There are 2 protein chains.
Amino acid sequence: MSVITFVGGTTGDWRVERVQAVCGEGLPATACVSTHTKPVLLPDAGWLLRGAISNLRYANKAEVTTLKSVQEGLGRPAATCAALIPIKKSAAWWDLAQDERRAIFEETSHHTAIGLDYLPAIARRLHHCRDLSNEPFDFLTWFEFAPEHGKDFDAMLQRLRATHEWTFVEREVDIRLVRGA
Amino acid sequence: MSVITFVGGTTGDWRVERVQAVCGEGLPATACVSTHTKPVLLPDAGWLLRGAISNLRYANKAEVTTLKSVQEGLGRPAATCAALIPIKKSAAWWDLAQDERRAIFEETSHHTAIGLDYLPAIARRLHHCRDLSNEPFDFLTWFEFAPEHGKDFDAMLQRLRATHEWTFVEREVDIRLVRGA
């Protein structure tokens, strides 16, 4: 699968506006974030996080059909704002069976349903890192949106962070970016 | 997570009895197979495959409880036979939604139920490699059993390979091993 590398450093297409440690340890503030489809080395100062674009783990057929009909891709010219949100869930989460995780994710916490309320304005790509070696997070989610949807994005995060699912999040960093170095 | 590296080469704790290309391209026959918990380099001749020990993807709570109550771990002294079976599934499989894959895996193909019929004789550990870079397979399954259960193991594979789930398998290699270099 495609492994994407995100680098926080001195150069890159996205300028860092702020870095917030939502839960657990944060990440060093850097000037820029760059994304790479080929392996890169860790810069002298900053951080490097890798994640794989993979298959969906919880969405059912009806949800996938709805998502595909509404969502838009990354790289839209008007979407000059981005966020990179690395998340690590607890061992208790990963010890749950698939049906237990699915029930918390959607039937209890309405994760997909909440995201749908903000489509197509908020574009999103999930990267899985739990199965990669030496990665400190389980997921890296990259979001892109136009500046006028910044408040919607904040509202979406507030709703997600209030869910039962989020009680299993033990580390979360919120990195906000604007296009242009 | 823990990434395990399997190396086919001239040395190792497990001696290769036979290598069979069940479906798609095979792997070069080597004298031995060794397993490593730290990164290793590809030997001059042979092959190297990596996979991560990860969370279960389909088993529900009842199935997990049953499995845990019956299964035994690797490394039993009497289990001097092993098999390493790398598998790659088709894009059509990975494009399915979670509920569609679960239905084929268990409700239609009875994957967990078939495996349960051979517990605790056949011990098993699954390694996920689809999300790792440059890995040619999606899964590596390692099995251990005593010589007198070799026929049971073959019967289990025959049942699994006859399922609807297996119509999505596009590459499978069956490597049989005995302990002792």
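First things first, this report covers the structure right here in the doc.

Criteria and cut-off values
- Residues numbered from 1 in each chain as written.
- Chains lettered and ligands numbered in written order.
- Predicted model: local features only at pLDDT ≥ 70, side-chain atom pairs only at ≥ 80, totals over all residues.
- Heavy atoms only, no water.
- Helix = DSSP H or I, 4+ residues; strand = E, 2+ residues; numbered from the N terminus.
- Buried < 20%, exposed > 50% of the residue type's maximum accessible area, 1.4 Å probe, protein only.
- Arc of directions from axis to C-beta.
- Contact = heavy atoms within 4.5 Å.
- Pairing = 2+ DSSP bridges.
- Buried area = accessible area lost by both parts, 1.4 Å probe.
- Salt bridge = Lys/Arg side-chain N within 4 Å of Asp/Glu carboxyl O.
- 1 Å grid on protein atoms, 1.4 Å probe; cavity = no way out; pocket = protein on both sides within 12 Å on 5 of 7 lines; lining within 4 Å.
- Points joined across faces, edges and corners; volume = space filled by probe spheres on them.
- Nonpolar A, V, L, I, M, F, W, Y, C, P; charged D, E, K, R; others polar.

1. Observations concerning the environment of leucine 84 of chain A
With respect to the helices and strands, leucine 84 of chain A occurs in strand S5 (residues 81-89). Residue class for leucine 84 of chain A comes out buried when judged on its relative accessible area of 0%.

2. Description of helix H3 (residues 98-108) of chain B
All buried positions along H3 of chain B are accounted for by Gln98, Arg101, Arg102, Ile104, Phe105 and Glu106 of chain B. Along H3 of chain B, the residues classed as buried sweep out an arc of 165° about the axis, all on the same side. Of the surrounding elements, those touching the buried residues of H3 of chain B are helix H3 (98-108) of chain A together with helix H1 (61-70), helix H2 (91-95) and helix H4 (111-116) of chain B. Just past H3 of chain B, the residue histidine 110 of chain B takes up positive phi, approximately 55°.

3. A look at the pairing of strand S3 (residues 32-36) of chain A
Within a regular strand, side chains alternate between the sheet's two faces. All names here are of chain A. Note that strand S1 (residues 3-9) and S3 share 5 bridges and pair antiparallel. Counted as the bridge partner of phenylalanine 6 is threonine 35 from S3. In the sheet, strand S2 (residues 14-23) pairs with S3 via 2 bridges, with the strands oriented antiparallel. Across the sheet, the residue bridging to arginine 15 is cysteine 32, located in S3.

4. Side note on the interface of chain A and chain B
Each partner contributes to the interface: chain A provides 23 residues, whereas chain B provides 23 residues. Interface area for chain A against chain B, summed over the two sides, is near 2,000 Å², with a carbon-plus-sulfur share of 45%. On inspection of chain A and its partner chain B, the count reaches 2 salt bridges. A salt bridge links arginine 57 of chain B to aspartate 131 of chain A, with the shortest nitrogen-to-oxygen separation between them at 2.7 Å.

5. Let's talk about the environment of phenylalanine 143 of chain B
Checked against the element boundaries, phenylalanine 143 of chain B lands in strand S7 (residues 139-145). The spacing of phenylalanine 143 of chain B and alanine 45 of chain B is 98 residues in sequence and 24 Å in space, taken between C-alpha atoms.

6. With respect to empty space enclosed by the protein
Going through the model one piece at a time under the given rule, you end up with 3 cavities of 30 Å³ or more. A volume near 140 Å³ is recorded for the largest cavity. Tallied by class, residues from the lining of the largest cavity come to 4 nonpolar, 4 polar and 7 charged. Space inside the second largest cavity adds up to approximately 70 Å³. Around the second largest cavity sit Arg57, Trp94, His128, Arg130, Asp131, Asp138 and Phe139 of chain A together with Ser54, Asn55, Arg57 and Asp131 of chain B, which together line it. Residues belonging to the lining of the second largest cavity are distributed by class as follows: 2 nonpolar, 3 polar and 6 charged.

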